[in-house]
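In case you want the letters, here they are:
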Amino acid sequence: MSKIITSAAEKILEKQPAEVFEKEKVVEEKREVKVMSVPSAITEYVGAARGDTIGLVIANVDYYLHEKMGLDKKYRSIGIISARTGAGPQIMAADEAVKATNTEVVSIELARDTKGGAGHGSLIILAAEDVSDARRAVEVALKELDRTFGDVYGCDVGHLELQYTARASLALEKAFGAPLGKAFGIIVGAPAGIGVVMADTAMKTANVEIVTYASPDAGTAHSNEVIITITGDSGAVRQSVIAAREVGLSLLRAMGQEPKTDTEPYI
Amino acid sequence: MSKIITSAAEKILEKQPAEVFEKEKVVEEKREVKVMSVPSAITEYVGAARGDTIGLVIANVDYYLHEKMGLDKKYRSIGIISARTGAGPQIMAADEAVKATNTEVVSIELARDTKGGAGHGSLIILAAEDVSDARRAVEVALKELDRTFGDVYGCDVGHLELQYTARASLALEKAFGAPLGKAFGIIVGAPAGIGVVMADTAMKTANVEIVTYASPDAGTAHSNEVIITITGDSGAVRQSVIAAREVGLSLLRAMGQEPKTDTEPYI
Amino acid sequence: MSKIITSAAEKILEKQPAEVFEKEKVVEEKREVKVMSVPSAITEYVGAARGDTIGLVIANVDYYLHEKMGLDKKYRSIGIISARTGAGPQIMAADEAVKATNTEVVSIELARDTKGGAGHGSLIILAAEDVSDARRAVEVALKELDRTFGDVYGCDVGHLELQYTARASLALEKAFGAPLGKAFGIIVGAPAGIGVVMADTAMKTANVEIVTYASPDAGTAHSNEVIITITGDSGAVRQSVIAAREVGLSLLRAMGQEPKTDTEPYI
């Protein structure tokens, strides 16, 4: 990889900086798709968002596929949030979506992905009796992603992810067994060892309760992450999440990295 | 990745085409190996093919290794098809190989790979009583890959893969429980949500039966794919596979992508 | 990836080849961190080493986290070796660390990682009654990595990894059930088929015993590797490991690759 870049760089150096810059930009923009307002001819397509996330809807799932997917008989319409990069941001976004619409979370699956990174992609399926509810839920979720990616910090050797809500809903319950209506936080560090120190810091910072602990061998899709989730009073959860973020950022910086978010921190 | 290189190459080509072209070619060719006719000093080496696939043969597997691998005692010779990128193309190719030779499929394993992509690599082991049969099977499989990669469409955010045969044989039976001698299709979409819509479209297009459904949590090596396999009358299976391909291509295009095959579509 | 392109592009734009060269070097060096002697403000940070490995220590693990991690009550201090790239090198390094210090190996987990490569990252947790022992163990392990990466050979289509010790200790016992105090070897090939041929060659070269066999479906985190471990007389184990290395290198070269180590072979 680095060899190829270097050799490309050597060649580029030989001429025309300005033009190269313009064209390079195009390549960059294609790497991660933006939410699109262009109407699509495909009725199933709802939109796309950061994290290479696609939002889809099926009005009336085929009977036999429905059965193979293990969906509850009462739901014929499904909304789909599917992403190459990120699980936490999409789960948080789905949590807001089910709060705001008449839908249910039927499944949350994690893929080992992030396009060569250390983490997860995700496949979230929401169900509704009416397709307009499913579509609305997917739209809400896609819009939430700008916020829920706020505390995702990436760099070459790893990444951090922090999530916080004052009131957990059904997606967080489904994914992590979060207590409904209570404050809830997600703390992720990669490589996994950084997640262990972040978890320890979070637990020592305030009076919070640990809900889940996941590591490469258990609770992840073999991602190189340690992930804990916590609950408690909203102030305590928020304080713990922030402390975990700060120690995680310091550790990545100690490795000579500059972890960055692509959007605005929200916690 | 290769797209970026290509576009970099296009830019570079504007000055000094000849020299740059020569150098770029070297880089490109190393990225994905071609079937080689150069004789190798290693007797186990049969050849290499697209998808970073290597074909190997062992005339007489070591007794203790044989046991640890769980191979049937009656087979001492094995043929190996091992790839970084692709499982469906290699399984289809192995299916043709066992039709054409006196070999058996002993195991098909999927790795989470594709070099940072969303899908699988594969390790397929064929067995024979005679090493020349094993070698012949591997040769047939490597040659088939140019065809079976025909309906693999890649782009930055994901990929599609479609396979179709009028008559499933032992590799497809081993991998998916395909009914022997019947028409069979494989439909893959990544990110996984695209696979769900492709599956739904396939099932609604013609009178086909769903054989397997796999998703990041079940039936895959945590790849970011939904994979279904279908059977039925050959016309119906083919029609369903084509419909799935078209909706998959449209969804990737709706995300601003240009999914492309590296070879010629065959379905 | 995109970061590198962008920063490369920015530099190129300045059109000053000499300076660019200097800066490119910086980018390159950041790709894999070196052991750092810069003191860190974070008390948990011990250091970083090749393979994007971070060494950490927690003096007194939080009570509830301790419980969730399933750690033995008697150990309050832990040392952490966590890496994006490599499992064998870190396990071998931890093996030396526990020989040299008063620590125990409590867990070894493999992540599917190597940043888009075919292999594993790792999370190793050592425990001690006293934090200074845990820190010392992590320091020893980080230093060992320059040696234990000696027979890791990478190239675009795959990699090989070889490890050998005359006397296996507790980390190798924990990870592979290695017989304590005996010679022990690890043989890894990727794509997995290359590992099968390396394993076969190793077993036929000398009178060694196979301890474990792992493949994409079993014993790995779905990496595209076949991994065997062997034991026996030290001369025989070493001879088998070397023979496996030679056949592996020849197979990758037959695919048109130039497998290389980043450091010095030690076997």
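Because the structure is predicted, anything quoted here is derived from the model rather than measured.

**Considerations on the overall build of chain A**
Okay, so step 1: What chain A contains, in helices and strands, is 8 helices and 10 strands.
Okay, so step 2: Residues counted as buried form 64% of the 267 residues belonging to chain A.
Okay, so step 3: Excluding contacts between residues fewer than 6 apart, the proportion of contacts in chain A whose partners are at least 24 apart in sequence is 66%.
Okay, so step 4: Surface accessibility of chain A: about 9,600 Å² in total, with carbon and sulfur atoms responsible for 49%.

**A few points about the side chain of A:T85**
Residue and element names in this part refer to chain A.
Okay, so step 1: Looking at where T85 falls in the secondary structure, it is placed in the loop between strand 3 (77-83) and helix 4 (88-100).
Okay, so step 2: Looking at T85, the relative accessible area reads 19%, which means it is buried.
Okay, so step 3: Among all residues touching T85, those that are not within four sequence positions of it are G51, Q90, T114, K115, H120, G121 and F149.

**Some words on the sheet that holds strand 6 (residues 152-154) of chain C**
All names here are of chain C.
Okay, so step 1: In spatial order, the strands read 6-7-8-10-9; together these 5 strands make up an open sheet with antiparallel pairing. Looking along the sheet, the strands with just one partner apiece sit at the ends: strand 6 and strand 9 (209-214). Shown here is a sheet whose adjacent strand axes are inclined to one another by a mean of 10 degrees, direction ignored.
Okay, so step 2: Of the strands in this sheet, strand 7 (159-165), strand 8 (183-190), strand 9 and strand 10 (226-232) touch helix 7 (residues 192-205), which is tilted by about 145 degrees from strand 8.

**Looking at unusual backbone geometry**
Okay, so step 1: Of the consecutive residues A:A190 and A:P191, the connecting peptide bond is found in the cis state with omega at 0 degrees.
Okay, so step 2: Assignment of secondary structure puts A:P191 in the loop between strand 8 (183-190) and helix 7 (192-205).
Okay, so step 3: The backbone of B:K115 shows a phi angle near 55 degrees, a positive value even though the residue is not glycine.
Okay, so step 4: Mapped onto the fold, B:K115 is located in the loop between strand 4 (104-112) and strand 5 (120-128).

**Some details on the pairing of strand 5 (residues 120-128) of chain C**
Residues and elements named next belong to chain C.
Okay, so step 1: Counted residue by residue, strand 5 has 9 buried out of 9 residues, so it is predominantly covered.
Okay, so step 2: Covered by surrounding structure in strand 5 are H120, S122, I124, L126 and A128 together with G121, L123, I125 and A127, the residues of both alternating faces.
Okay, so step 3: Across 7 bridges, the pairing between strand 3 (residues 77-83) and strand 5 is antiparallel. Looking at the pairing, S77 lines up with A128 of strand 5.

**Looking at the environment of A:A199**
Okay, so step 1: By secondary structure assignment, the location of A:A199 is in helix 7.
Okay, so step 2: Once the C-alpha coordinates of A:A199 and A:S240 are considered, the two residues, 41 residues apart in sequence, prove to be 9.0 Å apart.
Okay, so step 3: Aside from chain neighbours lying at most four places away, what touches A:A199 is A:I228 and C:L65.

**Focus: the pattern of salt bridges**
Okay, so step 1: On inspection of all chains with the given rule, the structure shows 36 salt bridges over all chains.
Okay, so step 2: In this structure, A:D146 and A:R50 form a salt bridge, with 2.7 Å as the shortest nitrogen-oxygen distance. Residue A:D146 is found in helix 5 (residues 131-148), and its partner A:R50 is found in the loop between strand 1 (45-49) and strand 2 (53-58); the two are separated by 96 residues along the sequence.
Okay, so step 3: A salt bridge links B:E246 to B:R245; the shortest N-O distance between them is 3.0 Å.

**Topic: the packing of aromatic side chains**
Okay, so step 1: On inspection of all chains with the given rule, the structure shows 6 aromatic pairs over all chains.
Okay, so step 2: Residues B:F176 and B:F184 carry aromatic rings whose centres are separated by 6.1 Å and whose planes lie at 35 degrees to one another, so their mutual orientation is tilted.
Okay, so step 3: Where C:Y63 meets C:Y64, the ring centres are 5.2 Å apart and the plane angle is 90 degrees; that geometry is what we call edge-to-face.
Okay, so step 4: Assessed through its relative accessible area of 49%, C:Y64 is described here as partly exposed.
Okay, so step 5: The residue whose ring lies beneath B:R147 is B:Y266, and the NZ or CZ to ring-centre distance is 4.8 Å.

**Remarks on the UniProt feature "domain: BMC circularly permuted" (unreviewed entry) in chain A**
Okay, so step 1: As annotated in UniProt, the feature "domain: BMC circularly permuted" (unreviewed entry) corresponds to residues 40-155 and 163-265 of chain A in the numbering used here.
Okay, so step 2: Measuring from the first to the last C-alpha atom of residues 163-265 of chain A gives 10 Å, for a span that is 41% helix and 23% strand.

**Some remarks on helix 8 (residues 234-254) of chain C**
Along an α-helix, residues three or four apart share an orientation, since each turn contains 3.6 residues.
Okay, so step 1: A rise of 1.5 Å per residue sets the reference length of helix 8 of chain C, with its 21 residues, at 30 Å; its end C-alpha atoms lie 30 Å apart and thus fit the reference within 8%.
Okay, so step 2: Phi turns positive one or two residues past the end of helix 8 of chain C, at C:G256, with a value near 90 degrees.

**Description of the environment of B:E246**
Residue and element names in this part refer to chain B.
Okay, so step 1: Note that E246 resides in helix 8 (residues 234-254).
Okay, so step 2: Taking relative accessible area as the criterion, E246 reaches 37% and is therefore assigned partly exposed.
Okay, so step 3: In the structure, E246 is positioned 45 residues away from T201 in sequence and 9.5 Å away in space, judged by C-alpha atoms.
Okay, so step 4: Among the polar contacts listed, one links the side chain of E246 to the side chain of R245, at a separation of 3.0 Å.

**What about the sheet that holds strand 7 (residues 159-165) of chain A?**
Strands belonging to one sheet form pairs held by backbone hydrogen bonds; the direction of such a pair is parallel or antiparallel.
Residue and element names in this part refer to chain A.
Okay, so step 1: The strand order across the open sheet formed by 5 strands is 6-7-8-10-9, and the pairing between neighbours is antiparallel. Strands at the two margins of the open sheet, each flanked by one partner only, are strand 6 (152-154) and strand 9 (209-214). The sheet shows a mean angle of 10 degrees between the axes of neighbouring strands, taken without regard to direction.
Okay, so step 2: Where strand 6 meets strand 7, 3 bridges bridge the pair, whose relative direction is antiparallel. Its bridge partner being in strand 7, G154 is matched across the sheet by H159.
Okay, so step 3: On the sheet, helix 4 packs against strand 6, strand 7 and strand 8 and is oriented at approximately 20 degrees with respect to strand 7.

**With respect to the pairing of strand 1 (residues 45-49) of chain C**
Residue and element names in this part refer to chain C.
Okay, so step 1: Among the 5 residues in strand 1, 5 count as buried, and that is most of the element.
Okay, so step 2: Alignment of strand 1 against strand 2 (residues 53-58), held across 4 bridges, turns out to be antiparallel. Paired with G47 across the two strands is G55, which belongs to strand 2.

**Focus: the packing of helix 7 of chain A against helix 8 (residues 234-254) of chain A**
Residue and element names in this part refer to chain A.
Okay, so step 1: Interhelical geometry of helix 7 versus helix 8 gives an angle of 145 degrees and a closest axis separation of 8 Å. Considering only the axes of helix 7 and helix 8, their crossing is right-handed. Only Q239, S240, A243, A244, V247, G248, L251 and L252 of helix 8 make contact with helix 7, whose side of the interface consists of I194, V197, M198, T201, A202 and T205.
Okay, so step 2: Across the contact of helix 7 with helix 8, the residue classes tally to 9 nonpolar, 5 polar and no charged.

Thresholds, definitions, all that
- Numbering of residues starts from 1 in every chain and runs along the sequence as written.
- The order in which chains are written sets their letters, starting at A; the order in which ligands are written sets their numbers, starting at 1.
- Where local features are concerned, this predicted model is filtered to residues with pLDDT of at least 70; where side-chain atom pairs are given and counted, the filter is 80 or more; whole-chain, interface and lining totals use all residues.
- Calculation of side-chain values draws on the structure's entire complement of heavy atoms; hydrogens and water are dropped beforehand.
- Segments assigned H or I by DSSP are reported as helices when at least four residues long, segments assigned E as strands when at least two residues long, and all are numbered from the N terminus.
- Each residue gets one of three labels from its accessible area relative to the maximum for its type: buried under 20%, exposed over 50%, partly exposed in between, using a 1.4 Å probe on protein chains only.
- Working rule for contacts: check all heavy atoms of both residues, and any pair within 4.5 Å makes them a contact.
- With residues, only the protein chains shown are counted as cover, and all accessible areas are computed by Shrake-Rupley using a 1.4 Å probe.
- A strand pair is defined by DSSP finding two or more bridges across the two strands.
- Each axis is a line fitted through C-alpha atoms, taken for helices only over the stretch in contact, and angles between the N-to-C directions span 0 to 180 degrees.
- Salt bridges, as used here, are contacts in which a Lys or Arg side-chain nitrogen is within 4 Å of a carboxyl oxygen on Asp or Glu.
- To pair, rings of Phe, Tyr and Trp, with the six-membered ring standing in for Trp, must have centres within 6.5 Å; the planes then decide the type, stacked if under 30 degrees apart, edge-to-face if over 60, and tilted in the middle.
- Should the NZ of a Lys or the CZ of an Arg lie within 6 Å of a ring centre and within 35 degrees of the ring normal, that charge is described as sitting over the ring.
- UniProt positions are given in the numbering used here, feature names are shortened, and annotations may be inferred rather than shown by experiment.
- Each residue after the first adds 1.5 Å to the expected span of a helix.
- Here a polar contact means two N or O atoms within 3.5 Å. Within protein one must be a hydrogen donor candidate and the other an acceptor candidate, and residues neighboring in sequence count only if both atoms are side-chain atoms.
- Crossings are sorted by hand: turned counterclockwise from the far helix by less than a right angle, the near helix makes the crossing left-handed, and turned clockwise it makes it right-handed.
- Three categories are distinguished: nonpolar for Ala, Val, Leu, Ile, Met, Phe, Trp, Tyr, Cys and Pro, charged for Asp, Glu, Lys and Arg, and polar for the others, with Gly belonging to the last.

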